[in-house]
Amino acid sequence: MKRKLTVAIGIAGMMVSIAACGGGSDSGGSDKSGADAKELTVWLTVDAQNNWPELVKAADAAVTKAHPGIKINHEYYGWPDKNAKLDAVLATDKAPDVVEMGNTEMLSYMVKGAFAPLDPAKFDNSAAWLDGLKASVTYEDKTYGVPYYAGGRVANWRKDLFASVGVKSAPKTYEELTAALDKVQKDKGDKFSAWYQPTRDWYAAMSFVYDAGGSIAVESGGEWKGNLSSPESVKGLKEFQNVVDTYMHGDKTKDESDRYIVYGQGKSGMIFAPAWEGATAAAPENDKTGKLKDNVENFVMPGPSGKNLPVFLGGSDLAVPVKSDAQAVAAEWINAFTGPSGQKGLMGKGNLPNNKTDLATLKNDPATVVPATAAESNWFVPMAPGWGQVEKAQILQTMLQSIGTGKKSVEDAAKEADAEIDKVINTK
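What counts, and where the lines are drawn
Residues numbered from 1 in each chain as written. Predicted model: local features only at pLDDT ≥ 70, side-chain atom pairs only at ≥ 80, totals over all residues. Heavy atoms only, no water. Axes fitted to C-alpha atoms, helices over the stretch in contact; angles between N-to-C directions. Helix = DSSP H or I, 4+ residues; strand = E, 2+ residues; numbered from the N terminus. Parallel < 35°, antiparallel > 145°, perpendicular 65-115°, else oblique. Left-handed = near helix turned anticlockwise from the far one by under 90°. Contact = heavy atoms within 4.5 Å. Nonpolar A, V, L, I, M, F, W, Y, C, P; charged D, E, K, R; others polar. Phe/Tyr/Trp six-rings, centres within 6.5 Å; stacked < 30°, edge-to-face > 60°. Buried < 20%, exposed > 50% of the residue type's maximum accessible area, 1.4 Å probe, protein only. Core = buried A, V, L, I, M, F, W, Y, C linked by side-chain atoms within 4.5 Å. Polar contact = N/O pair within 3.5 Å; in protein donor to acceptor, adjacent residues only side chain to side chain. Pairing = 2+ DSSP bridges. Expected span 1.5 Å × (residues − 1). Arc of directions from axis to C-beta.

**Q** It is not clear to me how the packing of helix 3 (residues 53-66) against helix 13 (residues 327-338) should be interpreted in this structure. Could you clarify?
**A** Between two packed helices, both the angle of their axes relative to each other and the distance between the axes serve to describe the pair. At their nearest, the axes of helix 3 and helix 13 sit 8 Å apart, and the two run at 135° to each other. If you check the angle between helix 3 and helix 13, you find them oblique. The handedness of the crossing between helix 3 and helix 13 is right-handed. Residues Leu-55, Val-56, Ala-59, Asp-60, Ala-62, Val-63 and Ala-66 of helix 3 form the contact with helix 13, whose own contacting residues are Val-329, Glu-332, Trp-333, Ala-336 and Phe-337. The residue makeup of the contact of helix 3 with helix 13, split by class, is 10 nonpolar, no polar and two charged.

Below you can see the structure in the form of structure tokens.
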């Protein structure tokens with residue numbers, strides 16, 4: 001789930017106010033613990049309001065049962081508006097007690113001290129949180145949030161096209177995948193994309209990097225450095241370049257924002273994308289072929305390494321602002337919302353859970369085995385102090401476009417990207 005991070009002036013103003021009041025505390029005890037709070041304010045996105053309001057009500061009921069008479073207020077925001085509102089409010093004394101964040105949005109706020117540290121032992125299944133989600137709420141060995149739900153990436157192809165060239169089942173290995181793609185590409189010609197893989201899709205490209213043993217950046221001695229020019233990362237980038245060169249015959253300057261539309265137009269045989277994109281492409285308003293409804297199929301993306309391709313886990317986290325006067329009760333509400341019953345409800349709505357225990361149960365259901373299996377191998381962005389403040393997508397997209405269009409070699413483009421990352425990655 002892709003979130004655009006807004007780094008607003010409000011964060012800087014908020015920090016002056018936080019410093020003046022002496023910083024924050026954990027949810028366990030101090031004048032900020034708020035164990036006897038009479039009111040709680042919870043900010044969520046409209047996803048909860050529209051899709052699982054009953055789960056919100058259940059969390060409210062659990063908290064009001066433990067704290068009779070408490071008043072729980074809810075405010076709901078769209079993703080484009082939430083952070084600007086949050087930044088403005090955090091600079092005042094009227095901060096919410098619980099706030100939903102996109103997991104890629106957490107870092108900048110954690111670095112700036114906006115969120116209170118939490119004790120993970122107080123949250124159900126915290127020992128089994130998915131690795132990528134756990135990384136998103138962890139900074140300098142402290143936990144500042146609780147994973148809420150996740151979404152991963154899978155491969156999706158047109159069974160009818162592949163069957164027409166003799167491929168009757170989804171591939172289990174990368175060699176089987178490329179052999180099948182080669183057959184479709186040869187049959188359909190060079191104006192067709194056997195695999196529509198937008199060049200600037202850094203989420204997909206970095207999956208190849210991590211599959212090869214590389215990474216975006218590495219930490220050593222408390223300092224972070226770009227790692228895209230390492231031999232392992234270059235190996236992954238070269239395989240991504242090979243995919244784009246061999247199977248992608250669309251505009252190689254585009255990102256992935258309209259991928260499902262292109263797929264729905266019948267210009268491609270396969271995509272690697274968030275799990276919802278295949279079904280969205282097959283919806284009547286997007287399917288221009290009239291053939292996709294019964295012919296698109298998700299499968300776990302095999303990687304060149306011989307293992308499943310690691311996928312980026314998008315999703316949401318819940319955090320407690322450091323200026324909340326009800327931190328203990330806020331933590332109780334979060335646990336009630338994200339605990340076992342909440343996760344069951346979220347899975348029933350088509351989301352991936354926040355933990356490995358519940359994820360394993362989805363592998364027993366044919367309807368969910370693919371996204372659940374794909375999510376087991378995952379990666380997340382570097383949790384370096386400056387990563388949340390840099391237009392990292394632009395750095396990575398510029399590198400990938402240079403590679404995909406042949407303007408620069410993989411080695412040169414990766415070195416330039418590392419140099420840009422190094423300028424900011426350690427900046428608080």
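Picking up where we left off.
**Q** Is there a simple way to explain the packing of aromatic side chains in this structure?
**A** The relative placement of two aromatic rings is captured by the distance of their centres and the angle of their planes. For the structure shown, the criterion picks out 18 aromatic pairs. Pairing Tyr-148 with Phe-337 gives two aromatic rings, centres 5.1 Å apart and planes at 50°, and the pair type is tilted. In this pair, Tyr-148 is assigned in strand 6 (residues 146-151) and Phe-337 in helix 13, connecting sequence segments 189 residues apart. Given the relative accessible area of 1%, Phe-337 is considered buried.

**Q** Explanation requested: unusual backbone geometry in the structure shown.
**A** Peptide bonds are mostly trans, and most non-glycine residues show a negative phi. For Asn-125, which is not glycine, the phi dihedral falls at a positive 65°. By the element assignment, Asn-125 lies in the loop between helix 5 (106-111) and helix 6 (131-136). The exposure class of Asn-125 is partly exposed, given its relative accessible area of 27%. Phi is positive for Glu-140, close to 50°, though the residue is something other than glycine. By relative accessible area, Glu-140 is classed as exposed at 54%.

**Q** Sorry, what's going on with the nonpolar core here?
**A** One broad rule of soluble globular proteins: the nonpolar side chains tend to lie buried together. By size, the foremost hydrophobic cluster in this structure holds 124 residues, and its most contacted members are Phe-115, Trp-195, Met-206, Trp-333, Phe-337 and Met-399. If one sorts the elements of this core by residue count, helix 9 (residues 202-211) sits on top with seven residues. Setting aside residues up to four positions removed in sequence, Phe-337 forms contacts with Leu-44, Trp-52, Leu-55, Val-56, Ala-59, Tyr-148, Leu-318 and Gly-342.

**Q** Can you help me understand the environment of Asp-251 in this one?
**A** If you trace the backbone, Asp-251 turns up in the loop between helix 10 (231-247) and helix 11 (259-264). Classification of Asp-251 by relative accessible area gives partly exposed; the value is 40%. As for Asp-251 and Lys-82, which are separated by 169 residues in sequence, their C-alpha atoms are 33 Å apart. Among the polar contacts made by the side chain of Asp-251, one reaches the side chain of Thr-253 at a distance of 2.7 Å.

**Q** Could you clarify how one ought to interpret the sheet that holds strand 6 in this entry?
**A** Hydrogen bonds between backbone groups are what pair the strands of a sheet, and the pairing can be parallel or antiparallel. Read from one edge to the other, the open sheet built from five strands follows the order 2-1-3-13-6, with strand pairing classed as mixed. At either margin of the open sheet sits one strand with a lone partner, and together these are strand 2 (71-77) and strand 6. Sheet twist, expressed as the average angle between the axes of neighbouring strands with direction ignored, equals 20°. Note that strand 1 (residues 39-45) and strand 3 (residues 98-102) share two bridges and pair parallel. Paired with Trp-43 across the two strands is Val-99, which belongs to strand 3. Relative to strand 1, helix 13 is tilted by about 45°, and along the sheet it contacts strand 1, strand 2, strand 3, strand 6 and strand 13 (314-319).

**Q** Just to check I follow, could you spell out helix 8 (residues 174-188) for this structure?
**A** An α-helix turns once every 3.6 residues. As a result, residues three or four positions apart point the same way. Taking 1.5 Å of rise per residue, the 15 residues of helix 8 would be expected to cover 21 Å, and the 21 Å separating its terminal C-alpha atoms lies within 8% of that figure. Three or more residues of helix 8 are buried, namely Tyr-174, Leu-177, Thr-178, Ala-180, Leu-181, Val-184 and Gln-185. Take helix 8 and look down its axis: the buried residues cluster within an arc of 160°, on one side only. Residues of helix 8 that are exposed and point over 90 degrees away from its buried face: Glu-175, Lys-186 and Asp-187. Turning to helix 8, the residues buried within the fold contact strand 7 (153-158), helix 7 (159-163), helix 9, helix 10, strand 10 (270-274) and strand 11 (296-299).

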